[in-house]
Amino acid sequence: MGWRFRKSIGIGKFFRVNLSKSGIGFSVGVPGYRISLGPDKKIRRTVGIPGTGIYNTEVIGERNTKKRNVCPHCNSPLTAKAKYCSNCGTKIK
C-alpha cells in the first residue's frame, strides 16, 4: 500500500481547504453534514454521526470544466477538428 497525504485547514466556522497528494479541494458544512468539491472535480455529500467515525459519502455531481465547441452562428455542436458547421455551413476559424 502506498503512502497517503491529507491535511485540512479550517477557515472560519464552516469552510475548509483540503490539501492532498492529488490536489486541493474545498468543503463547507457543520459537524455531521458536509458538501465537498475535490481535486477530481466531483461534488460529494457526507453525512455522519459526530464523534463515532460512522459516516456515508455520496457523489452528487460533477463539475463540468470542459468547454464544448459550438458554431458561432447557429450554436449547433461541432467536432474538435471541424472546419465547417454541418448544420449551417459557416466556416470555423
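## Considering a nonpolar patch on the surface
Together, Ile 9, Ile 11, Phe 14, Phe 15, Ile 24, Phe 26, Val 28, Val 30, Tyr 33 and Val 47 make up a nonpolar patch on the protein surface, roughly 850 Å² of accessible area in all. Listing elements by their share of the nonpolar patch, those giving two or more residues are strand E1 (6-11) and strand E3 (23-30). The element contributing the most residues to the nonpolar patch is E3, with four residues. With respect to the helices, strands and loops of the structure, Val 28 is situated in strand E3. Judged by relative accessible area, Val 28 falls into the partly exposed class, the value being 42%.

## Focus: the pattern of salt bridges
The full count for this structure, using the stated rule, is two salt bridges. The residue Arg 44 makes a salt bridge to Asp 40 at a minimum N-O spacing of 2.9 Å. Residue classification places Arg 44 among the partly exposed positions, given a relative accessible area of 26%. Looking at Asp 40, the relative accessible area reads 37%, which means it is partly exposed.

## Topic: the side chain of Arg 34
Take Arg 34: it is sitting in strand E4 (residues 33-37). Buried and unpaired, Arg 34 has Asp 40 as its nearest opposite-charge partner, separated by 15 Å. A polar contact is formed between the side chain of Arg 34 and the backbone oxygen of Gly 29, at a distance of 3.4 Å. Here Arg 34 is in contact with Phe 14, Arg 16, Ser 27, Val 28, Gly 29, Arg 44, Arg 45 and Thr 46, once residues within four sequence places are set aside.

Thresholds, definitions, all that
Residues numbered from 1 in each chain as written. Predicted model: local features only at pLDDT ≥ 70, side-chain atom pairs only at ≥ 80, totals over all residues. Heavy atoms only, no water. Patch = residues over 30% accessible without salt bridge, like charges linked within 9 Å, V, L, I, M, F, W, Y side chains within 5 Å. Areas by Shrake-Rupley, 256 points an atom, 1.4 Å probe, with all protein chains shown as cover. Salt bridge = Lys/Arg side-chain N within 4 Å of Asp/Glu carboxyl O. Helix = DSSP H or I, 4+ residues; strand = E, 2+ residues; numbered from the N terminus. Buried < 20%, exposed > 50% of the residue type's maximum accessible area, 1.4 Å probe, protein only. Lys, Arg positive; Asp, Glu negative; His and termini not counted. Polar contact = N/O pair within 3.5 Å; in protein donor to acceptor, adjacent residues only side chain to side chain. Contact = heavy atoms within 4.5 Å.

Honestly, it's all geometry; don't read function into it.
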